[in-house]
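# A structural walkthrough
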Amino acid sequence: MGILKIALLASLALRLRSVQAADHEPDSSLAELSGSSQKPNFIFIMTDDQDLHLNSLDYMPKLQRYLGNEGTKFEKHFCTIAVCCPSRVSLLTGRLAHNTNVTDVNPPYGGYPKFIAEGFNDRYLPVWLQEAGYNTYYTGKFLNAHSTSNYNKPFPKGWNGTEFLLDPSTYSYWNSTFQRNRESPVASNGYSTDIISQNSLAFINAARQSERPFFLGIAPIAPHAKGVHMENVSIPYFTNPVPAERHRDLFLDAQVPRHESFNPDNPSGASWIYNLRQLNASEVAYADGFYRSRIQSLQAVDDLVEAVILELQQQDLLRNTFVFFTADNGYHIGQHRMVPGKGCPYEEDINIPMIVRGPGVPRGESVNYVTSHTDIAPTLFDLAGIPLRSDFDGTPMPLKKDALDKLSASPRREHLNVEYWGTNLQEGLIGRDASTGSALGYGNNTYKALRVIGEGYNLFYSVWCTNEHELYEMTSDPYQMKNLFRASETEFLGYNMTKVISRLDALLLLLKSCKGAQCTSPWAFLHPGGDVATLRQALNPKYDAFYAAQPSISFAACEDGYFPEYEGPQQGGCLGYLECWGVSWSL
């Protein structure tokens, strides 16, 4: 890298960080809003595999009453990798999966052992919050492959109190194994969501006895599929979620929503998805039953939400506490002919619930600003008055009215990058080997994808490791059924689609291996002069030659983990438009 490029990159990063620091100074109004001079408390409720697009939230009236009506729904909140452990690690570190290198649910590429091996036990959210004066607690599922054999090798750092669910019984629902603080694991006697609810209330009571602010992570497994272990099979297979006894007879007529993408007559998608056969009548009936089990299992979570809010109210903690509700990733059941599962770049898997209630958060509102799980740690830092870390790949979410009003006049970032490595995750009893219970392979699911949502456009773009491409205009095609990648004659924003793709390709090329400010402000790196901040601005014809000169995204192989050497070009031909054309400029 030449001296000019190094200096340009350094000065640009400095400028971006100074702007971010100015935008995210600690909120001086917090004490007034909360009625306390103390830093705010945080409660983070995260379900496992909960959908946004299959209407699961409609079956949770207590969640709507205590959080939806009293807080703000972020309708365009995304996970950046649609699978449990990598998504949770990104959330806890504020870093994308290609920067954590935790890309799977089990070793060698993921799980709790990989989290430890990559050094994150010393540098993730609870450790940082403790350093800032917080008490920290956690109950429920932590990370995949956190088990009865490795729970103390080492213990997860950063927690004042824990009640972890442990493998291999994490997904059993009944009589699962819990591990408290530094004690030995113990098999429980009850329904895991209810136990997690009881643990949560106990932690709130313990937190009330301290003058320090607290963070409480609550992670029930619902509506994840139930794990079933078979002899001589290392990885469990998964069948219907299990509701609490009191909820078994609810919603007996419920069905998977019959949107356009549900078990379509004509195939859609790319890679192995396009070749799936249509589900038959018995498989559709099974999918509906699986769906009912999911929403039944969420009823105990609904009870948990109510219990937590009422306990906060009783302990006089609610007015100074931010409560977040989300999921680690989304879910599909029958969309694009797929059996139950996750891991794909489609909206059902990546666009997930996010509701926030707290001091200064508008009540009963919904917003459409793009946010992601990599924004969670920066958001808590911002609310707690902790300086943002330079290695965060996200930026604080606009929670308060003044921040939301500011974004209405000056739009927030419009992009989101999504990534995945390895095979697709299939659950339920469709598409399985009857003798072993293992899922039948559908091929490698590795891809890089991009969502761009701005004024007048709503796009999805992906490149698979097979070098297949997808492009959907999601205002007119919300269920991603009409791939426009080869429709060069199609016009978009007054330009042919080929020109649009050149911009999307360059944007994704930068984002697929971005770090820090590159991830939150990619247009500023492509156009260091500051004259481009949106896709619409980048489509100006004067940039045609610059984008035409950029290398295309490509894969040399489909791998099960993150190996950059097989993922084609890692950066563009030059840092940005000005440098490419030798234009001098100064900050």
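Residues numbered from 1 in each chain as written. Predicted model: local features only at pLDDT ≥ 70, side-chain atom pairs only at ≥ 80, totals over all residues. Heavy atoms only, no water.

By the naming in an unreviewed UniProt entry, the protein is Arylsulfatase, taken from Aspergillus homomorphus. Of the comments in the UniProt record for the protein, the one headed Sequence similarities (unreviewed entry) reads "Belongs to the sulfatase family." Recorded under Catalytic activity (unreviewed entry), the UniProt text for the protein is reproduced unchanged: "an aryl sulfate + H2O = a phenol + sulfate + H(+)". (UniProt positions renumbered as here; feature names shortened; annotations may be inferred.)

## Some points on the overall build of the protein
Looking only at helices and strands, the protein features 18 helices and 22 strands. Put simply, of all contacts in the protein between residues at least 6 apart along the chain, 72% involve residues at least 24 apart. When the accessible surface of the protein is split by element, carbon and sulfur atoms take 50% of a total near 21,800 Å². (Helix = DSSP H or I, 4+ residues; strand = E, 2+ residues; numbered from the N terminus. Contact = heavy atoms within 4.5 Å. Areas by Shrake-Rupley, 256 points an atom, 1.4 Å probe, with all protein chains shown as cover.)

## A few points about the UniProt feature "modified residue: 3-oxoalanine (Cys)" (unreviewed entry) in the protein
Feature annotation in UniProt assigns "modified residue: 3-oxoalanine (Cys)" (unreviewed entry) to the following positions: C84. Here C84 lies in helix α4 (residues 84–93). Taking relative accessible area as the criterion, C84 reaches 2% and is therefore assigned buried. Those residues in contact with C84 that sit more than four places away from it in its chain are D48, D49, V105, K141, N144, Y171, H224, D328, N329 and K342. (Buried < 20%, exposed > 50% of the residue type's maximum accessible area, 1.4 Å probe, protein only.)

## A word on the sheet that holds strand β16 (residues 415–420)
Pairing is antiparallel in the open sheet, where 4 strands are placed in the order β16-β18-β19-β20. The open sheet has two free edges, formed respectively by β16 and β20 (469–473), since each of these has just one partner strand. Each strand of the sheet is rotated relative to its neighbour by a mean of 10°, with strand direction disregarded. By the bridge criterion, 6 bridges tie β16 to strand β18 (residues 447–454) in an arrangement that is antiparallel. Note that in β18 the partner of H415 across the bridge is V452. (Pairing = 2+ DSSP bridges. Axes fitted to C-alpha atoms, helices over the stretch in contact; angles between N-to-C directions.)

## Comments concerning the pairing of strand β5 (residues 161–165)
Counting buried residues along β5, 5 of its 5 residues qualify, which places the element largely inside the surrounding structure. Across the two faces of β5 the burial is the same, with G161, E163 and L165 and T162 and F164 all buried. Looking at chain direction, strand β4 (residues 135–141) and β5 are connected through 5 bridges and run parallel. By the bridge assignment, K141 is partnered in β5 with L165. Here β5 runs beside strand β6 (residues 177–180); their pairing, made up of 3 bridges, is antiparallel. For L165, the partnering residue across the bridge sits in β6 and is F178.

## As for the nonpolar core
Within the largest apolar cluster, 75 residues are counted, with the highest numbers of intra-cluster contacts made by F42, L125, F142, F215, I273, F324 and L399. Looking at which element gives the most residues to this core, the answer is helix α11 (residues 376–384), with 6 residues. Lining this core are residues from two domains, each supplying at least three of them: domain 1 (41–410) and domain 2 (416–549). Setting aside residues no more than four positions away along its own chain, L399 makes contact with F74, F322, F324, V356, G360, V361, P362, T379, L383 and L404. Listed in part, the 57 residues of the second largest apolar core include I43, I45, I195 and F262. (Core = buried A, V, L, I, M, F, W, Y, C linked by side-chain atoms within 4.5 Å. Domains from an automatic or database assignment.)

## Observations concerning the sheet that holds strand β1 (residues 41–47)
Sheet architecture is open: 10 strands sit in the order β7-β6-β5-β4-β8-β1-β11-β13-β2-β14, paired in mixed fashion. One side of each edge strand has no neighbouring strand; the edge strands of this open sheet are β7 (186–187) and β14 (365–367). Packed on one face of the sheet, α4 meets β1, β4 and β8 (214–219) and runs near 165° to β1. Of the strands in this sheet, β1, β4, β5, β6 and β8 touch helix α8 (residues 192–208), which is tilted by about 175° from β4.

## With respect to the pattern of salt bridges
A side chain with one charge may pair with a side chain of the opposite charge, provided their charged atoms come close. Tallying each qualifying case throughout the model produces 28 salt bridges. A salt bridge links E306 to K62, with the shortest nitrogen-to-oxygen separation between them at 3.5 Å. Here K62 lies in helix α3 (residues 61–68) and E306 lies in helix α9 (residues 281–314), a separation of 244 residues in the sequence. For E283, the salt bridge is made with R277, and the minimal N-O distance between the two is 2.6 Å. (Salt bridge = Lys/Arg side-chain N within 4 Å of Asp/Glu carboxyl O.)

## Details of unusual backbone geometry
Here P107 and P108 are connected by a cis peptide whose omega angle stands at 10°. Of note, P108 is situated in the loop between α5 (97–100) and α6 (111–117). In this model, A222 is joined to P223 through a cis peptide bond whose omega is 0°. Backbone geometry at N263 places phi at a positive 45°, although glycine is not the residue there. Relative to the helices and strands, N263 resides in the loop between β10 (237–239) and α9.

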